[in-house]
There are 2 protein chains.
Amino acid sequence: MAHIYDRVALIGLGLIASSMAHAMRRAGVVGEITGYARSSDTREVAREIGLCDRVCESAAEAATGADLVVLCVPVGAMGAVAADIAGALKPGATVSDVGSVKKAVIEAVAPHIPAGVHFVPAHPLAGTEHSGPRAGFAELFDNRWCLIVPQAGSDRAAVERLEAFWQALGSNTDEMDAEHHDLVLAVTSHAPHLIAYTMVGVADDLRRVTDSEVIKYSAAGFRDFTRIAASDPTMWRDVFLNNKEATLEILGRFTEELFALQRAIRIGDGAHLHAYFTRTRAIRRGIIEAGQDTAAPDFGRVKKA
Amino acid sequence: MAHIYDRVALIGLGLIASSMAHAMRRAGVVGEITGYARSSDTREVAREIGLCDRVCESAAEAATGADLVVLCVPVGAMGAVAADIAGALKPGATVSDVGSVKKAVIEAVAPHIPAGVHFVPAHPLAGTEHSGPRAGFAELFDNRWCLIVPQAGSDRAAVERLEAFWQALGSNTDEMDAEHHDLVLAVTSHAPHLIAYTMVGVADDLRRVTDSEVIKYSAAGFRDFTRIAASDPTMWRDVFLNNKEATLEILGRFTEELFALQRAIRIGDGAHLHAYFTRTRAIRRGIIEAGQDTAAPDFGRVKKA
């Protein structure tokens, strides 16, 4: 395929950036990939596994001459990184990011973007509970959604070029405004993560049930929570601190509903429980039909040898 | 392999019973499998797919002459089924069950068990979000735990025979008393299920985010909740109504912790969040090391064609 960007700079070399590097190579849509990570250990690993064509010693060096610069750092670090690279950006370049929160990232990054450089925020909805430069794989974005959040006055050609790039990496793309993005993600990702973290913490606290029992007998329900609750702590701390209002709104509604169900259990209202569970089952069917998960009866898990 | 039981009767022909039938055939440890389901449609399907050697027209008929009778009905129906089969049980037979709650099942079933018949409750920790006689597959119990809950005065030979049976079906087995079982399961399964049901219901209620958005963008976090929340409504209604105390205790602790984390978000206490998330991540590692899930970076999901 023809190159969509001649040079792409990845700032931050964790799970998402390393998966992007593999997916760019698989697609053959980029000339050169440069990279930078704050930790010298991470840079060392990236060099060792040949993740980028060049691993640089500063974010500005990696960004120099790049046609696309993607900020792949925790949401709380985006502003500082944008300030670091501002002077190195070439005219006509596009700056994007992969943050899970959009309003706060835009507020932090936009003021640093020089005139003549396009800023097109984005958020690929993909991840695993692993982190670091060795965690990436080319298929991470396949058939997942990447939400593009154009800014008022964004250059349409720059927006569409970034969309073509993410499509070449395997994603579907949609456009959305930042406020709506943050609410949708609070529902589909941020609140569920906090809930999973909480439940796993409760299990660990309960002295009458040993951790070893929790771990051995976790096949039914809890196992899925632990996978969510194993995600990168720094990334998630920043998500919650930077999508505060929407997350707290959803959690407020959640506890309200939970109390209603707890009350139904306490008073033995089986009809209420049955009706609620029947309704939620239908939503699951919609997700399978939308192709975002497998209906395989073993949950599609690979058997251990 | 030699027969562990010459004849096994399955009362109720849903996901667990149908998986047991497939696993018994795979292991070759049973002479004849009889079965019964209350719904004539279910019996018809079971006959059509050859699930059992004989599908009977009553629970008593299926239980007649069986060496092992397994009650595979929702927890709330166990007592009535035990009453139905009591007169048909042969001396020396074992009655067991697969209920997710043990104290309530024992209280409902034990009074109906005639002298000379062994009652050995059990709970295979395995399941999917699918139900019915077509949902079963032989591998469901492989490398999962089956908890055996012997009664005071239980015949050891009968207990060990049931354990050998579950091991032949692929499970690991452990023994536990009923009260502790119900607490462990409240933590690892019952509370997580209620929480997942709740979160999915909240998402569905939120008018500013469409169901279609929830479904399309559910890859990150929410998807796992929907899988849990798609489990059989009748089974789960009965679980909550019959493990009320332990479930409400765990949910109480859960909301307490959740409020503390919500407060940390509200006041911007990033250190508290980071420490909490780091701790929960370690629990996940334990589960992978215990072999109860895969560490594959794509969550082990099978790609859709």
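Residues numbered from 1 in each chain as written. Chains lettered and ligands numbered in written order. Predicted model: local features only at pLDDT ≥ 70, side-chain atom pairs only at ≥ 80, totals over all residues. Heavy atoms only, no water.

A. A look at the overall build of chain A. Scanning chain A from terminus to terminus reveals 12 helices and 9 strands. Radius of gyration (C-alpha) of chain A: 21 Å, near the 19 Å computed for a compact globule of 305 residues. In terms of its C-alpha atoms, chain A occupies a principal-axis envelope of roughly 65 × 45 × 35 Å. For chain A, with 305 residues in total, the buried portion stands at 60%. Residue pairs in contact within chain A that sit at least 24 positions apart in sequence constitute 74% of those at least 6 positions apart. Element-wise, carbon and sulfur atoms account for 51% of the exposed surface of chain A, whose accessible area totals about 10,800 Å². Between the centroid of the 31 positive side chains of chain A and the centroid of its 38 negative side chains there is a distance of 6 Å. (Helix = DSSP H or I, 4+ residues; strand = E, 2+ residues; numbered from the N terminus. Rg over C-alpha atoms; globule rule 2.2 N^0.38 Å. Buried < 20%, exposed > 50% of the residue type's maximum accessible area, 1.4 Å probe, protein only. Contact = heavy atoms within 4.5 Å. Areas by Shrake-Rupley, 256 points an atom, 1.4 Å probe, with all protein chains shown as cover. Lys, Arg positive; Asp, Glu negative; His and termini not counted. Charge placed at Lys NZ, Arg CZ, Asp CG, Glu CD.)

B. Spatial organisation of the interface of chain B and chain A. Contact with chain B, which involves 111 residues of that partner, is made by 111 residues of chain A. Buried surface at the junction of chain B and chain A, summed over both partners, amounts to about 10,700 Å²; 69% is from carbon and sulfur atoms. Put simply, chain B and chain A have 10 salt bridges between them. Its salt-bridge partner being Asp204(A), residue Arg279(B) comes within 2.5 Å of it at the nearest N-O pair. At the junction of chain B and chain A, the tally comes to 30 residue pairs in polar contact (both at pLDDT 80 or more). Elements represented by at least two residues in the side of chain B that touches chain A include exactly strand S8 (145-148), helix H7 (178-205), helix H8 (211-216), helix H9 (222-228), helix H10 (233-242), helix H11 (244-267) and helix H12 (270-289) of chain B. For the side of chain B that touches chain A, the leading source of residues is H7(B), giving 21 residues. (Buried area = accessible area lost by both parts, 1.4 Å probe. Salt bridge = Lys/Arg side-chain N within 4 Å of Asp/Glu carboxyl O. Polar contact = N/O pair within 3.5 Å; in protein donor to acceptor, adjacent residues only side chain to side chain.)

C. Fine view of the pairing of strand S2 (residues 30-36) of chain A. Residue and element names in this part refer to chain A. Counting buried positions over the 7 residues of S2 gives 5, a clear majority of the element. Both strand S1 (residues 5-11) and S2 contribute to a ladder of 6 bridges, which runs parallel. By the bridge assignment, Leu10 is partnered in S2 with Gly35. Handedness of the crossover is the feature at issue here: the chain leaves S1, passes through helix H1 (residues 15-27), returns alongside S2, and the resulting connection is right-handed. (Pairing = 2+ DSSP bridges. Right-handed = clockwise from strand over helix to strand, strands pointing away.)

D. Structural view of the relation of the copies chain B and chain A. When chain B is fitted onto chain A, the two copies agree to an RMSD of 0.0 Å after a turn of 180° and an axial shift of 0.0 Å. Here the copies are linked by what is in effect a two-fold axis. Same-surface contact between copies: 100% of interface residues of chain B are shared with the interface of chain A. (Least-squares fit on C-alpha atoms with pLDDT ≥ 70 in both.)

E. Summary view of the domain arrangement of chain A. Residues and elements named next belong to chain A. Taken as a whole, chain A is organised into domain 1 (5-176) and domain 2 (180-289). One C-alpha centre belongs to domain 1, the other to domain 2; they are set 30 Å apart. Residue-level contacts link 15 residues of domain 1 with 16 residues of domain 2. Summing both partners gives a buried area of about 1,200 Å² for domain 1 against domain 2, and 68% of it is carried by carbon and sulfur. For domain 1, the biggest contributors to the area lost against domain 2 are Ser100, Glu129 and Met176; these three give 39% of the whole. Our enumeration of links across domain 1 and domain 2 arrives at 5 residue pairs in polar contact (both at pLDDT 80 or more). Of the residues contributing to the side of domain 1 that touches domain 2, the split by class is 8 nonpolar, 4 polar and 3 charged. (Domains from an automatic or database assignment. Nonpolar A, V, L, I, M, F, W, Y, C, P; charged D, E, K, R; others polar.)

F. Layout of unusual backbone geometry. Unusually for a residue other than glycine, Asn143(A) sits at a positive phi of about 65°. Structurally, Asn143(A) can be placed in the loop between strand S7 (122-124) and strand S8 (145-148).

G. View of the sheet that holds strand S2 (residues 30-36) of chain B. Residues and elements named next belong to chain B. The strand order S3-S2-S1-S4-S5-S6 describes an open sheet built from 6 strands, whose pairing is parallel. The sheet is open, and its two edges are formed by strand S3 (54-55) and strand S6 (118-119), each paired on a single side. Alignment of strand S5 (residues 94-97) against S6, held across 2 bridges, turns out to be parallel. Among the inter-strand pairings, Thr94 is bridged to a residue of S6, identified as His118. Set on the sheet, helix H4 (residues 78-85) makes contact with strand S1 (5-11), strand S4 (68-71) and S5; between it and S4 the angle comes to about 150°. (Axes fitted to C-alpha atoms, helices over the stretch in contact; angles between N-to-C directions.)

H. Representation of the confidence of the model for chain A in the model. Summing up the model confidence of chain A, the mean pLDDT is 91 and the portion of residues at 70 or higher is 94%. Within the model, the stretch residues 296-305 of chain A combines pLDDT values under 50 with 29 contacts to residues more than four positions away or in other chains. (pLDDT = per-residue confidence, 0-100.)

I. Expanded view of the pattern of salt bridges. Residue and element names in this part refer to chain A. As enumerated under the stated definition, the model contains 38 salt bridges over all chains in all. Put simply, Arg25 and Asp53 hold a salt bridge, and the shortest N to O gap is 3.4 Å. Taken together, the residues span a long stretch of sequence, with Arg25 in helix H1 and Asp53 in the loop between helix H2 (40-48) and strand S3 (54-55) at a distance of 28 residues. Each of Arg43, Glu44, Arg47 and Glu57 takes part in salt bridges that share partners, so that together they form one network.

J. The environment of Ser131(A), seen in detail. For Ser131(A), the location among the structural elements is in the loop between S7 and S8. Taking the C-alpha atoms as reference points, Ser131(A) and Lys102(A), separated by 29 residues in sequence, lie 21 Å from one another. The contacts of Ser131(A), once residues within four sequence positions are left out, are Leu15(A), Asp232(A) and Arg281(B). One polar contact links Ser131(A) to Arg281(B), side chain to side chain, over a distance of 2.7 Å.

K. Structural context of the packing of aromatic side chains. A full pass over the atoms with the stated rule returns 17 aromatic pairs over all chains. Judged by centre distance (5.0 Å) and plane angle (15°), the ring pair of Phe225(A) and Phe225(B) falls under stacked. Remark: Phe225(B) occurs in helix H9 and Phe225(A) occurs in helix H9 (residues 222-228); the pair is interchain, linking two chains. Classification of Phe225(A) as buried rests on a relative accessible area of 0%. (Phe/Tyr/Trp six-rings, centres within 6.5 Å; stacked < 30°, edge-to-face > 60°.)

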